[in-house]
Amino acid sequence: DAGVTQSPTHLIKTRGQQVTLRCSPKSGHDTVSWYQQALGQGPQFIFQYYEEEERQRGNFPDRFSGHQFPNYSSELNVNALLLGDSALYLCASSHWTARSSYNSPLHFGNGTRLTVT
Amino acid sequence: AQTVTQSQPEMSVQEAETVTLSCTYDTSESDYYLFWYKQPPSRQMILVIRQEAYKQQNATENRFSVNFQKAAKSFSLKISDSQLGDAAMYFCASVTYNNNDMRFGAGTRLTVKP
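Residues numbered from 1 in each chain as written. Chains lettered and ligands numbered in written order. Predicted model: local features only at pLDDT ≥ 70, side-chain atom pairs only at ≥ 80, totals over all residues. Heavy atoms only, no water.

### Considering the interface of chain A and chain B
Interface size is commonly expressed as the accessible surface area that is lost when the partners come together. Each side of the interface is counted separately: chain A has 28 residues, and chain B has 24 residues. Interface of chain A and chain B: buried area, both sides summed, is about 2,100 Å²; carbon and sulfur atoms make up 50% of it. The interface formed by chain A and chain B includes zero salt bridges. Here chain A and chain B share nine residue pairs in polar contact (both at pLDDT 80 or more) between them. When residues of the side of chain A that touches chain B are traced back to their parent elements, those giving at least two are β4 (31-37), β5 (44-50), β9 (87-94) and β11 (112-116) of chain A. Looking at the side of chain A that touches chain B residue by residue, the class counts come to 10 nonpolar, 16 polar and two charged. (Contact = heavy atoms within 4.5 Å. Buried area = accessible area lost by both parts, 1.4 Å probe. Salt bridge = Lys/Arg side-chain N within 4 Å of Asp/Glu carboxyl O. Polar contact = N/O pair within 3.5 Å; in protein donor to acceptor, adjacent residues only side chain to side chain. Helix = DSSP H or I, 4+ residues; strand = E, 2+ residues; numbered from the N terminus. Nonpolar A, V, L, I, M, F, W, Y, C, P; charged D, E, K, R; others polar.)

Structure below.
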């Protein structure tokens, strides 16, 4: 049973560039959430995708965008990178039931470490 | 607003001893879940235990148990018979029915001494 997989593991980009991070959810899951975890802090919610639509969004600028594909995999795109975007980006999957996925525990991937220089 | 607070940046415990990690939360909703996640150096967040707000009985998972005090909005994690493999960052988190975004505390770094 494959868990959540993320690629790449590490990434180094220059300020102003654009980056795309990828995530495949755990088998049987249909909902993908993205989190940003700065060094020494807890994860911060970026957005959540279900049925290829953004269902909820955290307090992140429009430079952060995402997409979910029919096979439930997802991408996180960040444009015009800033030094402050350097962080661990975590993808988590869950299962949507009724109106919410709140009662389905999140399963996390190992994350993508993004360094912006 | 939905917030989670962990007031202990670091804790240490002797192997085989018991340690309790503290967490308080705040939400105006009545339907929510609380979680404890563990993040070892491998970076992957691993679910340790979860508690549904409507259940009064404290959740337990082997050596891990919680003390859920709903009125005080407190949700502490007790680790019994601590093992070296328990060393990690521990995050308390909450999610509500109307807001699917899981909120995390700042974390507590647990060190286990042999």
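### Examining the environment of T24 of chain B
Residue and element names in this part refer to chain B. Inspection of the secondary structure assignment puts T24 in strand β4 (residues 24-26). According to the relative accessible area criterion, T24 is partly exposed, its value standing at 38%. Separated by 18 residues in sequence, T24 and Q6 have C-alpha atoms that sit 6.6 Å apart. Once you skip the residues sitting within four places of it in the chain, T24 turns out to touch T3, V4, T5, K73 and S74. (Buried < 20%, exposed > 50% of the residue type's maximum accessible area, 1.4 Å probe, protein only.)

### Concerning the sheet that holds strand β8 (residues 74-78) of chain A
All names here are of chain A. With antiparallel pairing, the four strands of this open sheet are ordered in space as β1-β3-β8-β7. Edge strands, defined here as strands with exactly one partner in the open sheet, are β1 (5-7) and β7 (64-68). Here the average twist between neighbouring strands, direction ignored, is 20°. Pairing of β1 with strand β3 (residues 19-24), which is carried by three bridges, proceeds in the antiparallel orientation. Within β3, the position partnered with Q6 by the bridge is C23. (Pairing = 2+ DSSP bridges. Axes fitted to C-alpha atoms, helices over the stretch in contact; angles between N-to-C directions.)

### With respect to the state of the cysteines
Residues and elements named next belong to chain B. For the structure on display, the rule yields two disulfides over all chains. Linked covalently through their sulfurs, C23 and C92 form a disulfide whose S-S length is 2.0 Å. Given an S-S torsion of about -70°, the disulfide between C23 and C92 has left-handed geometry. Of this pair, C23 sits in the loop between β3 (19-21) and β4 while C92 is found in strand β10 (residues 88-96), placing the two residues 69 residues apart along the sequence. Considered together, C23 and C92 belong to a single accessibility category, that of buried residues. (Disulfide = S-S within 2.5 Å.)

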